[in-house]
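Observations on the three-dimensional arrangement
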Amino acid sequence: MSILILGGTAEADILADLLRGHGIEFTYSLAGVTPNPKARVYPLHIGGFGGVIGLARYLTQNTVNMLVDATHPFASEMTKNALAASIQANIPMLRFERPEWDEPENANWAHAESLDQAAKILPAGARVFLSVGAQSMAEFAHRSDVDFVSRSIKPPSSPFGKTIVAKPPFDVAGEVHLFSKYRITHLVSKNAGGDQTSAKLVAAKQLGIKVIMVERPTLPVAEIARDITTAMAWIERRL
Ligand code: NAP
């Protein structure tokens, strides 16, 4: 039995640790985009597979018989490729999809269908905390009438405004301090979900900061687990 986990998220790491604890063998795959990834004590595949064809070939050549896509909810290219490759290789695939963040009562959220729409919504003169990841920041660069403070795990390739490089998790006190320091009026975030980066939403509500929430991309229909227990049960049923 051979399992491939497409990772790059906190939940993929938790699942990997659980599998290891149960003595279940697997390979964990990372895109290789994050500098200094944390040390892992199980077999790794680093870097892309070469699209659907490359991934299907990898699955077949390595006799993988279970694929778990636990990539970030916005890693839509990989997610689409994973489903198509699992069909080509004729193996079962599970997508781990952490629940979205819901708008708390009395919070001040606007919803954007895309990064482009989020950039358009921002009013001139806003002081914006940009929390969309280094690869998605470029969509906002043309808004020279807005002051940006951005935070990402890796440095943006074409930085603008004030840039902060930091790894989650973040806590509410730290986020309140940061937003107050830069007199932030708007927070732009992808609806990533999860606990690691949700403190910014609590801080925004406390400070009356408007949140522009970028909705998730539409993904193809697949078998989905929304928590680790369900994902583990899906794997164990197929061992
Ligand atoms: P993407 O646009 O969906 O994927 C681009 C390409 O990167 C894929 O076609 C694939 O290359 C390669 N790739 C992506 N995830 C991979 C994985 N786990 N293992 C091996 N190759 C992978 O992905 P992305 O949005 O750039 O995200 C890249 C990684 O960062 C993912 O692991 C994701 O979980 C993580 N991440 C993304 C975000 C985000 O906001 N998008 C946030 C936090 C973490 P090939 O076609 O060559 O196979």
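Everything below is about the structure printed above this text.
First things first, this report covers the structure right here in the doc. (Residues numbered from 1 in each chain as written. Predicted model: local features only at pLDDT ≥ 70, side-chain atom pairs only at ≥ 80, totals over all residues. Heavy atoms only, no water.)

**Observations regarding the overall build of the chain**
What the chain contains, in helices and strands, is seven helices and 12 strands. Contacts spanning at least 24 positions in sequence make up 64% of the contacts within the chain whose residues lie at least 6 apart. Accessible area of the chain: about 11800 Å², with a carbon and sulfur share of 52%. Between the centroid of the 24 positive side chains of the chain and the centroid of its 23 negative side chains there is a distance of 5 Å. (Helix = DSSP H or I, 4+ residues; strand = E, 2+ residues; numbered from the N terminus. Contact = heavy atoms within 4.5 Å. Areas by Shrake-Rupley, 256 points an atom, 1.4 Å probe, with all protein chains shown as cover. Lys, Arg positive; Asp, Glu negative; His and termini not counted. Charge placed at Lys NZ, Arg CZ, Asp CG, Glu CD.)

**Details of the pattern of salt bridges**
Taken as a whole and judged by the stated rule, the model has 11 salt bridges. Of the charged contacts in the structure, one is a salt bridge between Lys 120 and Asp 116, with a shortest N-O distance of 2.9 Å. Remark: Asp 116 and Lys 120 occur in helix α4 (residues 115-121); sequence separation between them is four residues, near one turn of the helix. Asp 116 sits in the partly exposed class, given a relative accessible area of 35%. Residue Arg 238 pairs with Glu 223 through a salt bridge whose shortest N-O separation is 3.8 Å. Of this pair, Arg 238 sits in the segment after α7 (228-237) while Glu 223 sits in strand β12 (residues 223-225), placing them 15 residues apart in sequence. Residue classification places Arg 238 among the partly exposed positions, given a relative accessible area of 28%. Shared partners join several salt bridges into a network, and the residues in it are Asp 13, Lys 38 and Arg 40. (Salt bridge = Lys/Arg side-chain N within 4 Å of Asp/Glu carboxyl O. Buried < 20%, exposed > 50% of the residue type's maximum accessible area, 1.4 Å probe, protein only.)

**Re helix α5 (residues 172-181)**
Considered for burial, the residues of α5 that qualify are Glu 175, Val 176, Leu 178 and Phe 179. Seen along its axis, α5 keeps its buried residues to an arc of 165°; they face one direction. Along α5, exposed side chains directed more than 90 degrees from the buried face belong to Ala 173, His 177 and Lys 181. Turning to α5, the residues buried within the fold contact β7 (127-131), β8 (147-152), β9 (162-165), β10 (186-190) and α6 (199-207). In the segment just after α5, Arg 183 is the residue with positive phi, at about 50°. (Arc of directions from axis to C-beta.)

**Details of the packing of aromatic side chains**
Tallying each qualifying case throughout the model produces six aromatic pairs. Here Phe 140 and Phe 148 contribute two aromatic rings whose centre-to-centre distance is 6.2 Å and whose plane-to-plane angle is 70°, an arrangement assigned as edge-to-face. An identical accessibility class is assigned to Phe 140 and Phe 148; each is buried. These aromatic residues form a ring-pair network of at least three members: Phe 26, Tyr 28 and Tyr 42. It is Arg 151 that lies over the ring of Phe 170; its NZ or CZ is 3.6 Å from the centre. (Phe/Tyr/Trp six-rings, centres within 6.5 Å; stacked < 30°, edge-to-face > 60°. Lys NZ or Arg CZ within 6 Å of the ring centre and 35° of its normal.)

**Comments concerning the sheet that holds strand β5 (residues 93-96)**
Pairing is parallel in the open sheet, where six strands are placed in the order β3-β2-β1-β4-β5-β12. Every interior strand has two partners, whereas the edge strands, β3 (44-46) and β12, have only one. For this sheet the average axis-to-axis angle between neighbouring strands, irrespective of direction, equals 25°. Each of β1 (3-6), β2 (27-30), β4 (66-69) and β5 is contacted by helix α1 (residues 10-21), which is oriented at about 155° to β1, the strand it contacts most. Along the sheet, helix α2 (residues 51-61) contacts β1, β2, β3 and β4; its crossing angle with β1, the most-contacted strand, is approximately 150°. (Pairing = 2+ DSSP bridges. Axes fitted to C-alpha atoms, helices over the stretch in contact; angles between N-to-C directions.)

**With respect to unusual backbone geometry**
Looking along the chain, the bond that leaves Pro 168 and enters Pro 169 is cis, with omega of 10°. Position of Pro 169 among the secondary structure elements: in the loop between β9 and α5. One non-glycine residue with positive phi stands out, namely Asn 36, at about 50°. Note that Asn 36 resides in the loop between β2 and β3. Taking the relative accessible area as the measure of exposure, Asn 36 reaches 67% and is therefore exposed.

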